[in-house]
Amino acid sequence: MKQDAIWIEGFLEAIYAERNASKNTLLAYERDLLAFSTFLRQKRKKLITATRTDIEAYIIDLEINGLAQATRARHLSAIKQIYRYGFEESIIVNNPASEIKGPKTKRTLPSNLSEEDVNRLLKASTKAGRSPEKKRRSSCLIQILYATGMRVSELVSLPVASVRGDPQMLLIKGKGNKERLVPLSTPAKMAIAVYLVDWEINQEKNRLKGKLASKFLFPSNSKLGHLTRIRFYVLIKEICLIAGISPQKVSPHTLRHAFASHLLANGADLRVIQMLLGHADIATTEIYTHVLDEKLKSLVFKNHPLAN
């Protein structure tokens, strides 16, 4: 087990150095690989002595235990990567995972909101909160999210410095600390300007109490110092109820999907959308072409004279 732990630790350090992988990514790799190591230990084996048969038996065991296809594929991906690393670093002579093909994951279309739905959410966000200040914060959050299509983790940790001076573009630090510029819409800029007045007042109160000013646009008393993803998730559900939209239909990521699909439907280039979303691979962005395809098919089936 100790030998496995050392190998896993070396692998995690390598992908952190080579890809600048996030903490969440590293934790996911570590969790999956430790689960595989535990499975091997029950068979009196280690990572270094495992065979292709052992790996395949593990994937089958995951299926027997009811793990979803995507989850099994993720586990296998981690296993294949650590053995590739072991082979390249001469830890092992032969790679037992090189010829294994994983379960094909079904490509699902992202749930999407219409432009009318988003407008209802934007309007409802101005009413979400127990005080006028909280309502202005809610509006600012939703306006920025839909205007930029950023990930929720990027939104809640946004530095206040990034919105100083009425910027036309917003600098976002995404996965792997990669930076990208995204234009700000006029409604988003107005919501930010209004919210910043409240931010300055609150920070001045904190300074008078001897507290340091927050570096975040959306500060909170959480350990991270900014609004948490969980709190924002709850806020989205509250806004849905006000808007009369099913909370099950909407998550913070749904607005990111809406941002991309609405841009594409209105003629934006796929490469531009890839850049705005911060996707490393355009194949990830191409999922939105399927959303548009579904819309086009629906129009044909509804309006073509021979459709019926």
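Colleague: Help me understand the packing of aromatic side chains, please; the structure alone is not making it clear to me.
Modeller: The description of two aromatic rings rests on the distance between their centres and on the angle between their planes. A complete count under the given rule lists six aromatic pairs for this structure. A centroid spacing of 5.7 Å and a plane angle of 90 degrees characterise the contact between F11 and Y29, whose relative ring orientation is edge-to-face. Note that F11 is positioned in helix 1 (residues 2–19) and Y29 in helix 2 (residues 23–42), a separation of 18 residues in sequence. The two residues F11 and Y29 agree in class, both being buried.

Colleague: In this structure, what is going on with the pairing of strand 2 (residues 179–183)? I would like to understand it.
Modeller: Consecutive residues of a regular strand have side chains that alternate between opposite faces of the sheet. Alternating positions in strand 2 separate cleanly, R180 and V182 being buried on one face and E179, L181 and P183 remaining unburied on the opposite face. Of the pairings in the sheet, the one linking strand 1 (residues 169–173) to strand 2 comprises five bridges and is antiparallel in character. Bridge pairing links K173 to E179 in strand 2. Between strand 1 and strand 2, which pair antiparallel in sequence order, lie five residues; one of them, G176, sits at a positive phi of approximately 65 degrees.

Colleague: Sorry if this is basic, but what is going on with unusual backbone geometry here?
Modeller: Generally, phi is negative for residues other than glycine and the peptide bonds are trans, each holding for most cases. Positive phi values are uncommon outside glycine, yet R44 reaches one of about 60 degrees. Relative to the helices and strands, R44 resides in the loop between helix 2 and helix 3 (52–64). Since its relative accessible area comes to 80%, R44 is described here as exposed. Located in the positive-phi region is S90, a residue other than glycine, with phi close to 65 degrees. Inspection of the secondary structure puts S90 in the loop between helix 4 (69–88) and helix 5 (115–125). Overall, S90 belongs to the exposed group, its relative accessible area being 62%.

Colleague: For this particular structure, what's the right way to read helix 9 (residues 229–243)?
Modeller: For an α-helix, 3.6 residues make a turn, and residues three or four places apart therefore share a direction. Over its 15 residues, helix 9 runs 21 Å from end to end, which matches the ideal 21 Å to within 8%, given 1.5 Å per residue. At its buried positions, helix 9 is contacted by helix 5, helix 6 (132–148), helix 7 (152–156) and helix 10 (252–265). G244 sits one or two positions beyond helix 9 and adopts a positive phi of about 75 degrees.

Colleague: Just to check I follow, could you spell out the side chain of S125 for this structure?
Modeller: Summarising the element assignment, S125 is placed in helix 5. By relative accessible area, S125 is classed as buried at 0%. Excluding residues within four positions of it along the chain, S125 makes contact with K135, S138, S139, I142 and I239.

Colleague: When you look at helix 11 (residues 270–277) in this model, what are you seeing that I'm missing?
Modeller: Inspection of helix 11 places L270, I273, Q274, L276 and L277 among the buried residues, and these make up the whole buried set. Taken down its axis, helix 11 places every buried residue within 165 degrees of arc, on the same side. Once helix 11 ends, the next one or two residues include G278, with phi positive near 80 degrees.

Colleague: Just to check I follow, could you spell out the nonpolar core for this structure?
Modeller: For soluble globular proteins, nonpolar side chains are generally found buried alongside one another. Ranked by size, the top nonpolar core spans 48 residues in total, and within it L121, I144, L217, F218 and F232 carry the most contacts. When residues no more than four places from it in sequence are discounted, the contact partners of F218 are R137, C140, L141, I144, L155, V156, Y195, H226 and L227. Counting residues in hydrophobic clusters, the runner-up holds 28 residues, among them I8, F11, A50 and I79.

Colleague: Help me understand the packing of helix 10 against helix 11, please; the structure alone is not making it clear to me.
Modeller: In a pair of packed helices, the angle between the axes and the distance between the axes together describe the arrangement. Contact pair helix 10 / helix 11: the axes reach a minimum separation of 10 Å and the direction vectors enclose 160 degrees. With respect to each other, helix 10 and helix 11 are oriented roughly antiparallel. The two elements helix 10 and helix 11 cross, and the hand of that crossing is right-handed. Where helix 10 abuts helix 11, its residues R256, F259, A260, L263 and L264 lie against L270, I273, L276 and L277. Across the contact of helix 10 with helix 11, the residue classes tally to eight nonpolar, no polar and one charged.

Colleague: When you look at the pattern of salt bridges in this model, what are you seeing that I'm missing?
Modeller: Any two side chains of opposite charge can pair, so long as their charged atoms come close to each other. Scanning the model with the defined rule gives 12 salt bridges in all. The shortest N-O distance in the salt bridge between D54 and K43 comes to 3.2 Å. Placement of the pair is D54 in helix 3 and K43 in the loop between helix 2 and helix 3, with a sequence separation of 11 residues. Classification of K43 as partly exposed rests on a relative accessible area of 36%.

Colleague: What should I look at first to understand the environment of R151 in this one?
Modeller: Within the secondary structure layout, R151 lies in the loop between helix 6 and helix 7. Residue R151 is classed as buried on the basis of its relative accessible area, which comes to 12%. A sequence separation of 102 residues divides R151 from H253, and the C-alpha atoms of the two residues are 6.9 Å apart. Apart from residues lying up to four places away in sequence, R151 is in contact with G174, K175, R180, R256, L277, G278 and H279. A polar contact of 3.3 Å, which involves the side chain of R151, links it to the backbone oxygen of G278.

About the thresholds
- Residues numbered from 1 in each chain as written.
- Predicted model: local features only at pLDDT ≥ 70, side-chain atom pairs only at ≥ 80, totals over all residues.
- Heavy atoms only, no water.
- Phe/Tyr/Trp six-rings, centres within 6.5 Å; stacked < 30°, edge-to-face > 60°.
- Helix = DSSP H or I, 4+ residues; strand = E, 2+ residues; numbered from the N terminus.
- Buried < 20%, exposed > 50% of the residue type's maximum accessible area, 1.4 Å probe, protein only.
- Pairing = 2+ DSSP bridges.
- Expected span 1.5 Å × (residues − 1).
- Contact = heavy atoms within 4.5 Å.
- Arc of directions from axis to C-beta.
- Core = buried A, V, L, I, M, F, W, Y, C linked by side-chain atoms within 4.5 Å.
- Axes fitted to C-alpha atoms, helices over the stretch in contact; angles between N-to-C directions.
- Parallel < 35°, antiparallel > 145°, perpendicular 65-115°, else oblique.
- Left-handed = near helix turned anticlockwise from the far one by under 90°.
- Nonpolar A, V, L, I, M, F, W, Y, C, P; charged D, E, K, R; others polar.
- Salt bridge = Lys/Arg side-chain N within 4 Å of Asp/Glu carboxyl O.
- Polar contact = N/O pair within 3.5 Å; in protein donor to acceptor, adjacent residues only side chain to side chain.

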